[in-house]
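Results of the structural survey
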Amino acid sequence: MNATAAVSRPRRGVLKRVFLALLAVVLFAGFCSLGVWQVQRRAWKLDLIAKVEQRVHLPATAAPGADRWDSMNTANDEYRHVVATGEYRYDRQTLVQATTDYGSGYWVMTPLQLRQGGTVLVNRGFVLPAWRKQQDQGGPAGLVEVAGLLRMSEPDFPILRTNDPAKDVWYSRDTRAIGVARGLDQVAPYFIDAEKTAGPAPDPAVAPVRGLTVLEFRNSHLVYAITWFAMAAMVIVGAVIVVRTGRRRER
């Protein structure tokens with residue numbers, strides 16, 4: 001009985017070390033992969049920032065028409081200065097929850113029926129909840145020209161807060177979902193952040209405040225990469241400590 005137990009203990013020790021070695025290899029490879037991924041993400045983010053910095057200083061161009069919508073993407077089109085001409089559909093505008101320096105309120109997303117066909121949503125600015133009590137929530141009538149920054153549609157984020165079209169509760173500026181909810185035809189995959197007008201900003205409880213687009217990109221990928229690589233190194237250090245401790249116990 002004692003002999004059998006004495007033989008099984010070394011075997012269990014070997015199996016334990018093999019298991020820990022495999023676990024260390026898996027963790028090391030996983031942490032290194034995450035570190036490399038963050039390095040790649042950092043390179044992508046720096047390239048995006050450089051492109052955006054270049055675009056925001058270019059003169060305004062005509063907003064992309066329906067013939068270009070399928071080929072548009074964030075990397076090549078977002079944050080361009082554009083101009084669109086059409087008629088506002090105030091009866092089908094949507095309020096998207098937002099927080100700015102003015103406090104918690106809404107972005108006023110109003111459909112603009114383009115002169116050449118199709119519809120693009122225009123962010124007419126930020127308003128406080130008190131604005132919803134205004135009887136007149138519209139703006140200029142007839143054919144208008146809108147200038148601003150092109151922004152690609154914002155996807156819904158189920159992990160955070162999900163849009164609820166049935167209850168008319170919106171957290172992201174998802175142009176497709178808003179278009180479906182408002183019965184709009186041929187909606188652009190982007191919206192326009194209307195640029196700030198001359199003069200002092202209006203009271204957001206009375207009228208939308210325009211030009212609040214924040215051109216800042218969070219770039220913490222280097223910190224994340226260092227963290228993942230540090231954890232990979234810790235796995236190696238931990239494995240060495242475990243092996244040495246095991247050998248000492250065996251001795």
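Please refer to the structure placed before this passage.
Report on the accompanying structure.

Conventions and cut-offs
Residues numbered from 1 in each chain as written. Predicted model: local features only at pLDDT ≥ 70, side-chain atom pairs only at ≥ 80, totals over all residues. Heavy atoms only, no water. Helix = DSSP H or I, 4+ residues; strand = E, 2+ residues; numbered from the N terminus. Buried < 20%, exposed > 50% of the residue type's maximum accessible area, 1.4 Å probe, protein only. Contact = heavy atoms within 4.5 Å. Areas by Shrake-Rupley, 256 points an atom, 1.4 Å probe, with all protein chains shown as cover. Pairing = 2+ DSSP bridges.

Points about the overall build of the protein chain
The number of helices and strands found in the protein chain is four helices and seven strands. Seen in sequence order, the protein chain has helices and strands lined up from the N terminus as α-β-α-β-β-β-β-β-α-β-α. Buried residues in the protein chain amount to 33% of all 251 residues. Restricting the contact set of the protein chain to residue pairs at least 6 apart, pairs at least 24 apart contribute 65%. For the protein chain, the exposed surface amounts to about 15,600 Å²; the carbon and sulfur share of it is 58%.

Observations concerning the pairing of strand E2 (residues 81–88)
As paired strands, strand E1 (residues 61–62) and E2 are joined by two bridges and run parallel to one another. Within E2, the residue paired with Thr-61 across the bridge is Val-82. Across seven bridges, E2 lies against strand E6 (residues 143–152) in antiparallel orientation. Counterpart to Ala-84 in the pairing with E6 is Val-146.

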